[in-house]
Amino acid sequence: MIDKTLKQLSQALAAGEISSVELARLYLDRIARLDPRINAYITVDPEKTLAQARAADARRAEGQAGPLTGIPLAQKDIFCAEGWPTTCGSRMLGNFVSPYDAAVIERCNAAGAVILGKTNMDEFAMGSSNETSHFGPVRNPWDTGRVPGGSSGGSAAAVAAGLAPAATGTDTGGSIRQPAAMCNLTGLKPTYGVVSRYGMIAYASSLDQGGPLARSAEDCALLLNVMAGFDARDSTSLDRPAEDYARDLEKPLAGLRIGLPREFFGDGCDAGVMRCVEDALAEYRKLGAETVEVGLPNMKLAVPAYYVIAPAEASSNLSRYDGVRYGYRAPAYADLNDMYARTRAQGFGDEVKRRILIGTYVLSHGYYDAYYLQAQRIRRLIAEDFAAAFEQCDVIMGPTSPSTAFRLGEKASDPVQMYLSDIYTIAVNLAGLPGMAVPAGFADGLPVGLQLIGGYFSEARLLNAAHRYQQATDWHLRRPAGLD
Ligand code: GLN
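All values reported here derive from a predicted model rather than from experimental measurement.

## A short note on the overall build of the protein
Stage number 1. Of regular secondary structure, the protein possesses 15 helices and eleven strands.
Stage number 2. At 21 Å, the protein has a C-alpha radius of gyration in line with the 23 Å of a compact globule built from 484 residues.
Stage number 3. If you line up the protein on its principal axes, its C-alpha atoms span 65 × 55 × 45 Å.
Stage number 4. Taking all 484 residues of the protein together, the buried fraction comes to 60%.
Stage number 5. Once local pairs closer than 6 in sequence are excluded, the contacts in the protein between residues at least 24 apart make up 76%.
Stage number 6. For the protein, the accessible area works out to roughly 17600 Å², and carbon and sulfur atoms hold 51% of it.
Stage number 7. In the protein, 47 side chains carry a positive charge and 54 a negative one; their mean positions are 1 Å apart.

Next up, the structure:
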């Protein structure tokens, strides 16, 4: 069962080969047995999971099942889920049990999906290695001495280790695509505004976007069909007609124009990663696509601009954690100000504090024009670069991450090195575009992800390009050894 795609699981449930309760038990048993080695989950609650699975079986018996009814999903611990601890990887929310469901959870529940547990993540989604979590690092199922990527590292490791058939993630600067690449998964960050941010704990609101992490493009399409949709409670949610993201999966790729940005193919990318990317492009040419060189001249400014804008927004979003309303409160303090200071000093980890300091600085009087406003101008230039490139091509391709999964601790004490892990993904968030990571081979036994970037609302086309590639290759079917 653990090798089945979402579609195959759905068929097995429909045919009565397995019940939702049995399927949930199978995964819960694997989690109990194997997750101590991976640490992909922060919370599992078998009683809650099995209650939902029983309800899904009852719904199926009434003939009311949809494509995801009865399917267990791992939910990133950034999504508020009623009655579940929702920690966002932080001590600050270590005792927080959500009184309501995020839009994504609501939509998954309405589809009859079952919550298998809440997955580990970098604290408040700040990180590229899942080492900043208050609940300990996640280990990469391909090599447990290595990071799974971040911040959705728990979700990625859970799916890669067969501890969930698929999972949700969020991507502010690469947090779906980078862990997908490092764990041999398919991940999709949708166009900004396609998936509601309601109840998704805010990091950098103008960049945050939820999306699926799964084992194939087809599975991503099925999950996105449930996650996406207009929501009046998120002011940046887009009111567009509902789409079937799986509608174009089978379209032939003949004539597809693939743009290769010069800036993605220069220095800075490991040779083993680049070899896989080149091989993938050769495969696309065999499938009938053509490649053209394009330019994204402001690419080099993406990381610096991001590390002004994201911390600025984070410093504002995280001001709500004050020990008064909910979450952690320092046990001992002198007066109100001291309570705030101690609560935040004890409740936040180092990386979060670093972002709050940077964000507060770049927004302060005298520095706002020099940093924040400049970064916003660069953001516009980057979006214009992409618009110009998409006049010459349909899809942009390149590496997702400049390296394969690195060793635990390797970059943890060097923030700049860590920030550079997202060099190929961050510009996509600044522009609000959709992007995907797709398994494209291995370098020294570690997975490599090809990145696909499309114009606004081109999710169906990206999924199509990924699906046709996955029909011609079997990289995405490979699983790490030793986890049976
Ligand atoms: N690594 C980036 C950061 O730390 C992106 C994280 C994300 O996408 N949530 O900000």
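## A short note on helix α2 (residues 20-38)
Stage number 1. The sharpest bend along α2 measures roughly 45 degrees and falls at A32, with the proline P36 sitting one to four residues further on.
Stage number 2. Within α2, the full set of buried residues consists of S20, V21, L23, A24, Y27, L28, R30, I31, L34, D35 and I38.
Stage number 3. Residues of α2 that are buried make contact with α1 (6-14), β1 (41-43), α3 (46-61), β2 (72-76), β3 (114-119) and α5 (153-160).
Stage number 4. Of the residues flanking the end of α2, it is N39, one or two places downstream, whose phi is positive at about 65 degrees.

## Let's talk about the nonpolar core
Stage number 1. Ranked by internal contacts, the top residues of the largest apolar core, which has 157 residues, are F124, Y284, F386 and L452.
Stage number 2. Excluding anything up to four places from it in sequence, F386 contacts L296, I396, A427, V428, A431, L433 and I453.

## Quick look at the packing of aromatic side chains
Stage number 1. Scanning the entire structure with this criterion turns up 17 aromatic pairs.
Stage number 2. In this structure an aromatic cluster arises from ring pairing among F96, F124, Y321, Y326 and F348.
Stage number 3. A cation over an aromatic ring shows up here: R240 above the ring of F457, its NZ or CZ 3.6 Å from the ring centre.

## Observations concerning the pairing of strand β7 (residues 257-261)
Stage number 1. With four of five residues buried, β7 lies mostly within the body of the structure.
Stage number 2. Of the pairings in the sheet, the one linking β7 to strand β8 (residues 290-294) comprises five bridges and is parallel in character. Paired with R257 across the strands is E290, a residue of β8.
Stage number 3. Regarding the hand of the β-α-β motif, the stretch spanning β7, helix α8 (residues 271-286) and β8 is right-handed.
Stage number 4. Bridge analysis of β7 against strand β9 (residues 395-399) gives two bridges, and the strand direction is parallel. Residue pairing in the sheet places G259 in a bridge with I396 of β9.

## Regarding the pairing of β3
Stage number 1. By the criterion of burial, β3 is predominantly enclosed, with six of the six residues buried.
Stage number 2. Pairing geometry for β1 and β3, over two bridges, is antiparallel. By the bridge assignment, T43 is partnered in β3 with K118.
Stage number 3. Pairing of β2 with β3 involves five bridges; the strand directions are parallel. Opposite L73, over in β3, you have I115 as the bridge partner.

Reading guide: rules and limits
Residues numbered from 1 in each chain as written. Predicted model: local features only at pLDDT ≥ 70, side-chain atom pairs only at ≥ 80, totals over all residues. Heavy atoms only, no water. Helix = DSSP H or I, 4+ residues; strand = E, 2+ residues; numbered from the N terminus. Rg over C-alpha atoms; globule rule 2.2 N^0.38 Å. Buried < 20%, exposed > 50% of the residue type's maximum accessible area, 1.4 Å probe, protein only. Contact = heavy atoms within 4.5 Å. Areas by Shrake-Rupley, 256 points an atom, 1.4 Å probe, with all protein chains shown as cover. Lys, Arg positive; Asp, Glu negative; His and termini not counted. Charge placed at Lys NZ, Arg CZ, Asp CG, Glu CD. Bend = angle between axes of the 7 residues up to and from the residue. Core = buried A, V, L, I, M, F, W, Y, C linked by side-chain atoms within 4.5 Å. Phe/Tyr/Trp six-rings, centres within 6.5 Å; stacked < 30°, edge-to-face > 60°. Lys NZ or Arg CZ within 6 Å of the ring centre and 35° of its normal. Pairing = 2+ DSSP bridges. Right-handed = clockwise from strand over helix to strand, strands pointing away.

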